[in-house]
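A look at the structure
Okay, here's what each chain looks like letter by letter:
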Number of protein chains: 2
Amino acid sequence: MSLVIVGSIALDSITTPNGSITDALGGSAIYASLAARHFCEPHLVGVVGNDFPISSLQMLKKRGINIDGLEIKTGKTFRWKGEYQQWNYALTQETQLNVFADFDPQLPSSCIAGDFLLLGNIHPALQLSVLNQIGTHKLSSCDTMNYWIDRTYIQLLEVIKRVDIVFINEEEIRTLTTLQNVYSAGQKVLELGPRIVVIKRGEYGSVVMGRNFLFFAPGYPVKEIIDPTGAGDSFAGGFMGYLTKVGKFDEQTIKEATIYGTVMASYNVSSFSTQVLESVEKYEIDKRKKELHEWVEF
Amino acid sequence: MSLVIVGSIALDSITTPNGSITDALGGSAIYASLAARHFCEPHLVGVVGNDFPISSLQMLKKRGINIDGLEIKTGKTFRWKGEYQQWNYALTQETQLNVFADFDPQLPSSCIAGDFLLLGNIHPALQLSVLNQIGTHKLSSCDTMNYWIDRTYIQLLEVIKRVDIVFINEEEIRTLTTLQNVYSAGQKVLELGPRIVVIKRGEYGSVVMGRNFLFFAPGYPVKEIIDPTGAGDSFAGGFMGYLTKVGKFDEQTIKEATIYGTVMASYNVSSFSTQVLESVEKYEIDKRKKELHEWVEF
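Conventions we followed
Residues numbered from 1 in each chain as written. Chains lettered and ligands numbered in written order. Predicted model: local features only at pLDDT ≥ 70, side-chain atom pairs only at ≥ 80, totals over all residues. Heavy atoms only, no water. Helix = DSSP H or I, 4+ residues; strand = E, 2+ residues; numbered from the N terminus. Rg over C-alpha atoms; globule rule 2.2 N^0.38 Å. Buried < 20%, exposed > 50% of the residue type's maximum accessible area, 1.4 Å probe, protein only. Contact = heavy atoms within 4.5 Å. Areas by Shrake-Rupley, 256 points an atom, 1.4 Å probe, with all protein chains shown as cover. Phe/Tyr/Trp six-rings, centres within 6.5 Å; stacked < 30°, edge-to-face > 60°. Lys NZ or Arg CZ within 6 Å of the ring centre and 35° of its normal. Least-squares fit on C-alpha atoms with pLDDT ≥ 70 in both. Pairing = 2+ DSSP bridges. Axes fitted to C-alpha atoms, helices over the stretch in contact; angles between N-to-C directions. Patch = residues over 30% accessible without salt bridge, like charges linked within 9 Å, V, L, I, M, F, W, Y side chains within 5 Å. Salt bridge = Lys/Arg side-chain N within 4 Å of Asp/Glu carboxyl O. Lys, Arg positive; Asp, Glu negative; His and termini not counted. Charge placed at Lys NZ, Arg CZ, Asp CG, Glu CD. Left-handed = near helix turned anticlockwise from the far one by under 90°. Nonpolar A, V, L, I, M, F, W, Y, C, P; charged D, E, K, R; others polar. Buried area = accessible area lost by both parts, 1.4 Å probe.

The helix and strand tally for chain A stands at twelve helices and 13 strands. In summary, chain A has a C-alpha radius of gyration of 17 Å against a globular reference of 19 Å for 298 residues, a match within 12%. In terms of overall dimensions, chain A has C-alpha extents of about 50 × 40 × 35 Å along its principal axes. In chain A, which comprises 298 residues, the share counted as buried stands at 62%. Considering only contacts in chain A between residues 6 or more positions apart, those separated by 24 or more positions represent 64%. Surface exposure of chain A reaches about 11700 Å², of which carbon and sulfur atoms provide 48%.

A separate point is the packing of aromatic side chains. Counted under the stated rule, the structure contains 27 aromatic pairs over all chains. Plain terms: the ring middles of Phe298 of chain A and Phe215 of chain B are 6.3 Å apart, the flat faces sit at 85° to each other, and that makes the pair edge-to-face. Taken together, the positions of Phe298 of chain A in the segment after helix H12 (282-296) and Phe215 of chain B in strand S13 (residues 213-217) put the pair across two chains. The two residues Phe298 of chain A and Phe215 of chain B agree in class, both being buried. Three or more aromatic residues joined by ring pairs form one cluster here, namely Tyr183 and Phe216 of chain A together with Tyr220 and Trp295 of chain B. Between Arg288 of chain A and the ring centre of Tyr267 of chain A, over which it is positioned, the NZ or CZ distance is 3.9 Å.

All names here are of chain A. Most of helix H4 (residues 124-134) is tucked away, with eight of its eleven residues classed as buried. Every buried residue of H4 is listed here: Pro124, Leu126, Gln127, Leu128, Ser129, Val130, Leu131 and Ile134. Turning to H4, the residues buried within the fold contact strand S1 (3-6), strand S8 (116-119), strand S9 (139-143), helix H5 (146-151) and helix H6 (153-162).

Before going further, it helps to spend a moment on the relation of the copies chain B and chain A. Least-squares fitting of chain B to chain A yields an RMSD of 0.0 Å, with the superposition described by an axial translation of 0.0 Å and a rotation of 180°. Expressed as an axis order, the relation between the two copies is that of a two-fold axis.

Here we come to helix H1 (residues 28-36) of chain A. Residues lying three or four places apart along an α-helix face the same way, a consequence of the helix completing one turn every 3.6 residues. The buried count for H1 of chain A comes to nine of nine residues, which makes it a mostly enclosed element. The set of residues buried in H1 of chain A consists of Ser28, Ala29, Ile30, Tyr31, Ala32, Ser33, Leu34, Ala35 and Ala36 of chain A.

This next bit is on the sheet that holds S8 of chain A. Residues and elements named next belong to chain A. The strand order across the open sheet formed by nine strands is S5-S4-S1-S8-S9-S10-S11-S12-S13, and the pairing between neighbours is mixed. The open sheet is flanked by strand S5 (66-73) and strand S13 (213-217), the only strands paired with a single partner. Between one strand axis and the next, the sheet turns by 15° as a mean value, whatever way the strands run. Across five bridges, strand S10 (residues 165-169) lies against strand S11 (residues 196-200) in parallel orientation. Residue pairing in the sheet places Val166 in a bridge with Val197 of S11. Seen against the sheet, helix H2 (residues 54-62) touches strand S4 (42-49) and S5 and runs at an angle of roughly 165° to S5.

Here we take up the environment of Ile168 of chain A. Residue and element names in this part refer to chain A. Inspection of the secondary structure puts Ile168 in strand S10. Ile168 sits in the buried class, given a relative accessible area of 1%. Taking C-alpha positions, Ile168 is 22 Å from Lys81, a pair spaced 87 residues apart along the chain.

Residues and elements named next belong to chain B. Pairing within the open sheet is mixed, and its nine strands lie in the order S5-S4-S1-S8-S9-S10-S11-S12-S13. Whereas interior strands pair on both sides, the edge strands pair on one side only; in this sheet they are strand S5 (66-73) and S13. Taking each pair of neighbouring strands and ignoring which way they run, the sheet shows an average axis angle of 15°. In this structure, strand S1 (residues 3-6) lies alongside strand S4 (residues 42-49), joined through four bridges in parallel fashion. Residue pairing across strands places Leu3 opposite Pro42, the latter belonging to S4.

Our next topic: a negative patch on the surface. Together, Asp250 and Glu251 of chain A together with Glu294 and Glu297 of chain B give the surface a local cluster of negative charge. Looking at the secondary structure, you find Glu297 of chain B in the segment after helix H12 (282-296).

Our focus in this paragraph is the pattern of salt bridges. Residues and elements named next belong to chain A. For the structure on display, the rule yields 21 salt bridges over all chains. Two residues, Asp51 and Arg79, come together in a salt bridge whose shortest N-O distance is 2.9 Å. Of this pair, Asp51 sits in the loop between S4 and H2 while Arg79 sits in strand S6 (residues 79-86), and the two are 28 residues apart along the sequence. Its relative accessible area of 15% is what places Arg79 among the buried residues.

Time to look at the packing of helix H10 (residues 251-268) of chain B against H12 of chain B. Residues and elements named next belong to chain B. Relative to each other, H10 and H12 sit at 115°, their axes nearing to 9 Å. Two packed elements cross with a definite hand, and for H10 against H12 that hand is right-handed. Along the contact surface, H10 presents Glu256, Ile259, Tyr260, Thr262, Val263, Met264, Ser266 and Tyr267, while H12 presents Lys282, Glu284, Ile285, Asp286, Arg288, Lys289 and Leu292. Considered class by class, the residues forming the contact of H10 with H12 number seven nonpolar, two polar and six charged.

Looking now at the pairing of S8 of chain A. Residue and element names in this part refer to chain A. Because side chains alternate across S8, one face comprises the buried residues Phe116 and Leu118, and the other comprises Leu117 and Leu119, equally buried. Inspection of the sheet shows S1 paired to S8 by four bridges, in the parallel sense. Note that in S8 the partner of Val4 across the bridge is Leu117. Direction of pairing for S8 relative to S9: parallel, over a ladder of four bridges. Counted as the bridge partner of Leu118 is Ser141 from S9.

Bringing the interface of chain B and chain A into the picture now. Much of the literature gives interface size as the accessible area that the parts lose upon coming together. Every contact between the two is made by 26 residues of chain B and, on the other side, 26 residues of chain A. Regarding the contact of chain B and chain A, the summed buried area is about 2600 Å², with carbon and sulfur atoms giving 60% of it. It is Tyr204, Phe216 and Phe298 of chain B that lose the most area in chain B upon contact with chain A, and together they represent 32% of the buried surface on that side. Summed over the shared surface of chain B and chain A, the result is four salt bridges. We note a salt bridge from Glu203 of chain A to Arg174 of chain B, for which the minimum N-O separation is 3.8 Å.

Have a look at this one:
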């Protein structure tokens, strides 16, 4: 089984209460791929400029990430500059779309033949374009953000109607559905078509809802958050990576996928950029999964 | 085994986005006792004025609550008037202490002989007075609120040092410890002496911390909150009621007590005042406990 991950690839400049970093590897597809690699071979689809460091390409390959679908264009890589004054809100200071402005994801044959799909947080028109290329037989998922809910609502609804799994955070699902109660909001999203909606609640963990299914995962107790960028992406990457590995979509698999997503997000936030995601080992991931099991079972 | 519950008894006038109610039964000891009664015989210690409705006394007795420690004084019962514009914050509009102003809890012999103690949210000086009456052999717990952290910090610390279990919400433990990370804050409280600190997080559930113990409980997914008043008290009442029933203080019992606390709080918030707490049956409580089990196990 393979997992195709489509999303942004960025060079991020980030300031948090714990420091700052300049032109560091980031973007939804990068975070998700580095999280998914522990469970399957992610096929990364995205675009970078020719200023993108070769070392980062080498790192991705070395981590078992297939980059056949990575387009290298003349120009500069997408750049984002932001600051966190609170952990749950990034203030965007500058966005340079650069080569990402004309991103038109074309799936190579190895990706079209993929089984599972994660549409990272990008313009819903691009997400739709990918859905059109892969047909309807794949298990597909999407992530999004308030930016797209506010600006491209109709297109985003079209994406949501066509995927099996929606990753969305609590504030976003309230905006999307105009419902304050997250469970009512989750039901409303399920009525649009998806089989599962995963509502992320930051440090409080997540709620996963299906038509006759409910699951709560706590947030992993992180001692010190260094940089929350990519937490949602690595959650989705870990989740979809595990589904891909198991190749099933039953309740037990969804529960374990949620826990793996939780663990990947916890490692993600404990360093700037992808530092810990690059170095963390599978046994460490399984250790945190086991801890979470102990901390919720009764 | 018996549980002594000391706290306020009030006639509350409350406005929420879902309606309002005038001079309705409330107070920390009332909510806690009505939650605990499903598990043990709560011994209620508090004071009311002679305007307190006889029907409420009858209701408490009929629910198996021992009111030997309930003092009836000439004068008016404590009254609180508040409004919720957000579910997690009550704006106090009026407080009439009335007979509560001179409350000096005197435990009757049946209470001094009690095994477990819950000090509801009242002035720390009163909590200390009760601790002095019962000696040190009892398993004791306390609840508190920001009001006392701000005004009676030293006395509150003294209470915390002397109890086994502290119930406190997330915002309060941050204020108390001046630490933002709830896990660091929890550790700091444990270092003061308690064996367990229960950090309540509203709709997100709770985190229970011990020296080598951690447990997460989600909030029960309530379809519609009607009145959040007393949620923390009924949580503590359900928690301590279950500990009293089992008569043990091991990890498994603490986990189940947390879940029972969660369930009692969920019933509490689904009506104004004590309406649902008065009528809910044990089989309904166990049904929600079973649901929570299903929703967290993986």
